[in-house]
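Residue-level structure breakdown
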Amino acid sequence: MKREETVDYHIKSAWHAISRMYNQHAAQEGFTTAIGFVLININSKEGTPATKIAPMIGLETRSLTRMLKTMEEKGLIFKKPDPQDRRSVRIFLTEEGKQKKEVSVRTIKEFNEQIREVIDEEDLNTFFAVFEKVQMVIDQFSGAEANKPIFEL
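Since the structure is predicted, the reported quantities are computational estimates derived from the model, not experimental observations.

Our next topic: the overall build of the protein. For the protein, the count of helices and strands is six helices and three strands. In the protein, the succession of helices and strands from N to C terminus is α-α-β-α-α-β-β-α-α. Whereas a compact globule of 153 residues would reach a radius of gyration of roughly 15 Å, the protein reaches 19 Å, over 25% beyond that. In terms of its C-alpha atoms, the protein occupies a principal-axis envelope of roughly 55 × 40 × 25 Å. Relative to its full complement of 153 residues, the protein shows a buried share of 24%. When the accessible surface of the protein is summed, it comes to about 11,500 Å², and 55% of that surface belongs to carbon and sulfur atoms. In the protein, the 23 positive side-chain charges and the 24 negative ones have mean positions that sit 9 Å from each other.

Here it is, written out as structure tokens:
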């Protein structure tokens, strides 16, 4: 099977192209796509528990800890003890963080609007249905199939 015939090749190449595009927009504003995704997942009014952010965006806790430190140094966030659980910390956006969050949201919306101008609703619905099935296969493969060899020789 050629790589162009595999599903994962097309998903990966599309995601890399999207990621590069998002990074170009973010770089013009002085941050990265990864920081943008973190900002989007922080509640602008109530803050967000630090422990909830990593699972929401699929990051390891160690990576998020470094990223939060960088974001705090850049003046995008600040930390406060959680009033309900003193052992926990909530992450809040500064005014600068709120502005960068808005840039991230706007960039994502603009990209999706451009996609919807080119791809009609029926094709998008088919695309989403296919991705639901791909995710189902991934879940099955990762679960019950996780201990089986990928290829039998």
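Right, let's talk about the sheet that holds strand E2 (residues 77-81) for a bit. An order of E1-E3-E2 is seen for the three strands of this open sheet, with the pairing classed as antiparallel. Unpaired on one side and paired on the other, strand E1 (48-49) and E2 mark the two borders of the sheet. As paired strands, E2 and strand E3 (residues 89-93) are joined by five bridges and run antiparallel to one another. By the bridge assignment, Lys 80 is partnered in E3 with Arg 90. Packed onto the sheet, helix H4 (residues 61-73) meets E2 and E3 and runs at close to 110° relative to E2.

The subject of this paragraph is the UniProt feature "domain: HTH marR-type" (unreviewed entry) in the protein. UniProt annotation of "domain: HTH marR-type" (unreviewed entry) refers to residues 1-136 when read in the numbering used here. End C-alpha to end C-alpha, residues 1-136 measures 22 Å, and it is 67% helix and 9% strand.

Attention shifts here to the pairing of E3. The side chains of a regular strand alternate between both faces of the sheet. The buried fraction of E3 is high, at four of five residues. By the bridge criterion, two bridges tie E1 to E3 in an arrangement that is antiparallel. Paired with Pro 49 across the two strands is Arg 90, which belongs to E3.

On the secondary structure map, Arg 90 appears in strand E3. In this structure Arg 90 comes out as buried when scored by relative accessible area, which is 14%. Within the local environment of Arg 90, its side chain forms a polar contact with the backbone oxygen of Glu 46, the two atoms lying 3.0 Å apart. Among the polar contacts listed, one links the side chain of Arg 90 to the backbone oxygen of Gly 47, at a separation of 3.3 Å. If we ignore the near neighbours within four places in the chain, the residues touching Arg 90 are Glu 46, Gly 47, Thr 48, Pro 49, Phe 78, Lys 79, Lys 80, Asp 82 and Pro 83.

We now examine the pattern of salt bridges. Inspection of the entire model under this criterion finds eight salt bridges. Two residues, Asp 82 and Arg 90, come together in a salt bridge whose shortest N-O distance is 3.1 Å. Residue classification places Asp 82 among the buried residues on the basis of a relative accessible area of 5%. The salt bridge partner of Glu 121 is Arg 116, with a shortest N-O separation of 3.5 Å.

As a further point, take the nonpolar core. Within the largest apolar cluster, 17 residues are counted, with the highest numbers of intra-cluster contacts made by Ile 35, Val 38, Leu 39, Ile 42, Leu 68, Met 71 and Ile 77. Ranked by the residues each element gives to this core, the list is headed by H4, at four residues.

About the thresholds
Residues numbered from 1 in each chain as written. Predicted model: local features only at pLDDT ≥ 70, side-chain atom pairs only at ≥ 80, totals over all residues. Heavy atoms only, no water. Helix = DSSP H or I, 4+ residues; strand = E, 2+ residues; numbered from the N terminus. Rg over C-alpha atoms; globule rule 2.2 N^0.38 Å. Buried < 20%, exposed > 50% of the residue type's maximum accessible area, 1.4 Å probe, protein only. Areas by Shrake-Rupley, 256 points an atom, 1.4 Å probe, with all protein chains shown as cover. Lys, Arg positive; Asp, Glu negative; His and termini not counted. Charge placed at Lys NZ, Arg CZ, Asp CG, Glu CD. Pairing = 2+ DSSP bridges. Contact = heavy atoms within 4.5 Å. Axes fitted to C-alpha atoms, helices over the stretch in contact; angles between N-to-C directions. UniProt positions renumbered as here; feature names shortened; annotations may be inferred. Polar contact = N/O pair within 3.5 Å; in protein donor to acceptor, adjacent residues only side chain to side chain. Salt bridge = Lys/Arg side-chain N within 4 Å of Asp/Glu carboxyl O. Core = buried A, V, L, I, M, F, W, Y, C linked by side-chain atoms within 4.5 Å.

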